[in-house]
Amino acid sequence: MSDLLAIGEALVELNQPRDGAPFVQGFGGDTSNAMIAAARLGADAAYFTAVGADRFGQALTELWLNEGVDASRIVVNGGAHTGLYFVTHGAKGHEFSYMRAGSAASRISETDLPNGRIRATKILHVSGISQAISSSAADAVFAAIDIARDAKRLVSYDPNLRLKLWPLRRARAIIHEAMRSCDIALPGLDDGQALTDRSDPDAIVDFYLRLGAPVVVLKLGKEGAIAATGKRRERIAGYPVAAVDATGAGDCFDGAFLAEYVQRGDPFAAARFANVAAALSTLGYGAVAPLPPRLDVEAAITAAEGGR
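Rules of the game
- Residues numbered from 1 in each chain as written.
- Predicted model: local features only at pLDDT ≥ 70, side-chain atom pairs only at ≥ 80, totals over all residues.
- Heavy atoms only, no water.
- Core = buried A, V, L, I, M, F, W, Y, C linked by side-chain atoms within 4.5 Å.
- Buried < 20%, exposed > 50% of the residue type's maximum accessible area, 1.4 Å probe, protein only.
- Helix = DSSP H or I, 4+ residues; strand = E, 2+ residues; numbered from the N terminus.
- Contact = heavy atoms within 4.5 Å.
- Pairing = 2+ DSSP bridges.
- Axes fitted to C-alpha atoms, helices over the stretch in contact; angles between N-to-C directions.
- Left-handed = near helix turned anticlockwise from the far one by under 90°.
- Nonpolar A, V, L, I, M, F, W, Y, C, P; charged D, E, K, R; others polar.
- Polar contact = N/O pair within 3.5 Å; in protein donor to acceptor, adjacent residues only side chain to side chain.

Participant: Whenever I open this one, the nonpolar core confuses me. Can you help?
Facilitator: The biggest cluster of nonpolar side chains holds 53 residues, and the ones touching the most others in it are Leu 4, Met 35, Leu 60, Trp 64, Ile 184, Val 217 and Phe 257. Element by element, the count of residues in this core is highest for helix α10 (residues 267-280), at nine residues. With residues up to four places along the chain from it excluded, the contact list for Phe 257 reads Ile 184, Leu 186, Val 215, Val 217, Pro 267, Ala 270, Ala 271 and Ala 274. Leu 124, Ala 148, Tyr 157 and Leu 209 belong to the second-largest nonpolar core, a separate cluster that totals 44 residues.

Spelled out as structure tokens, the structure:
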């Protein structure tokens with residue numbers, strides 16, 4: 001039985017660190033990033049998606065192999081391409097441009113799902129992007145959630161709202177419906193504000209608790225996070241770093257939280273751990289390259305505790 005299994009779309013990333021600089025190839029895709037982060041932190045992580053029969057798909061397959069993420073059940077679609085995106089940086093932060101329409105991952109359907117693998121994982125992790133890329137992918141995620149719950153496995157969901165992929169009304173309907181069946185809700189503040197029409201962080205946490213998630217962790221970026229259950233709530237201060245690129249920080253938080261939670265069963269300890277891991281992931285460029293190993297996170301936690 002694996003610790004974690006995520007379903008979604010992985011993409012090849014071209015990241016331009018500053019104006020005029022050459023683009024650097026990397027990798028992205030929220031759920032893929034989360035599983036790589038989890039694997040670097042010691043979790044037994046697996047990933048399911050579809051890639052094209054192209055060089056980009058091969059590069060992603062090699063990435064998962066090198067990172068110790070089990071991607072043995074992915075679909076290789078010779079009739080579709082692997083998704084690609086560009087990252088640029090300016091005064092407003094990082095900006096994304098995507099070439100993903102008609103990608104192999106967007107063509108995933110319920111019949112493609114690795115049912116046995118879903119039943120044999122401790123936590124299934126999916127996201128709003130996993131469902132936004134196509135109607136068939138949205139249905140496949142609902143089916144995967146049903147399979148996991150039927151097998152009494154936990155379900156983790158990050159809304160990860162991308163309004164370039166679908167309109168807000170549709171996103172709200174599908175994401176809220178999926179999150180009614182999740183055990184762990186991992187929204188970011190901006191997404192939570194847009195999806196719930198609430199501005200106060202605690203009100204957003206309350207919204208997802210009422211929706212049904214036993215564990216809610218609201219990511220607040222450099223301000224930290226709020227972890228909550230029906231009986232307890234903890235505000236976690238941000239871990240200060242000289243950040244250069246927050247491209248995959250939220251995904252790192254997800255992977256770190258799940259890696260720690262699956263081992264310890266303590267959402268508050270897992271959130272504190274993930275808070276530090278996500279901060280460290282902003283110290284380099286790209287979504288994958290800066291994801292920290294466990295030793296770095298533990299050393300940072302020890303140093304922070306020693307400074308109190």
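Participant: Would you mind going over the sheet that holds strand β8 (residues 93-99) with me for this structure?
Facilitator: Sheet strands line up and pair through hydrogen bonds in the backbone, either parallel or antiparallel. The four strands are arranged β3-β2-β7-β8 in an open sheet whose pairing can be described as mixed. Two strands close off the open sheet at either side, each with one partner strand: β3 (24-28) and β8. Adjacent strand axes in the sheet meet at a mean angle of 30° when their direction is disregarded. In terms of strand pairing, strand β7 (residues 83-90) meets β8 through seven bridges, oriented antiparallel. Note on β8: the bridge partner recorded for Tyr 85 is Tyr 98.

Participant: Whenever I open this one, the packing of helix α9 (residues 249-264) against α10 confuses me. Can you help?
Facilitator: Angle between the axes and distance between the axes: these two values describe a pair of packed helices. Orientation of α9 relative to α10, taken along the N-to-C sense of each, is 145°, at an axis distance of 8 Å. The hand of the α9/α10 crossing is right-handed. Packed against α9, whose contacting residues are Ala 249, Cys 252, Phe 253, Ala 256, Phe 257, Glu 260, Tyr 261 and Arg 264, the element α10 presents Pro 267, Ala 269, Ala 270, Ala 271, Phe 273, Ala 274, Asn 275, Ala 277 and Ala 278 at the interface. Among the residues making up the contact of α9 with α10, the classes are represented as 14 nonpolar, one polar and two charged.

Participant: Mind showing me how you'd approach the side chain of Glu 260 here?
Facilitator: As for its position among the elements, Glu 260 is in helix α9. A distance of 2.9 Å separates the side chain of Glu 260 from the side chain of Arg 294, its partner in a polar contact. Apart from the residues within four sequence positions on either side, Glu 260 is in contact with Gly 265, Ala 270, Phe 273 and Arg 294.

Bear in mind that shape data such as this cannot, by itself, settle questions of function.
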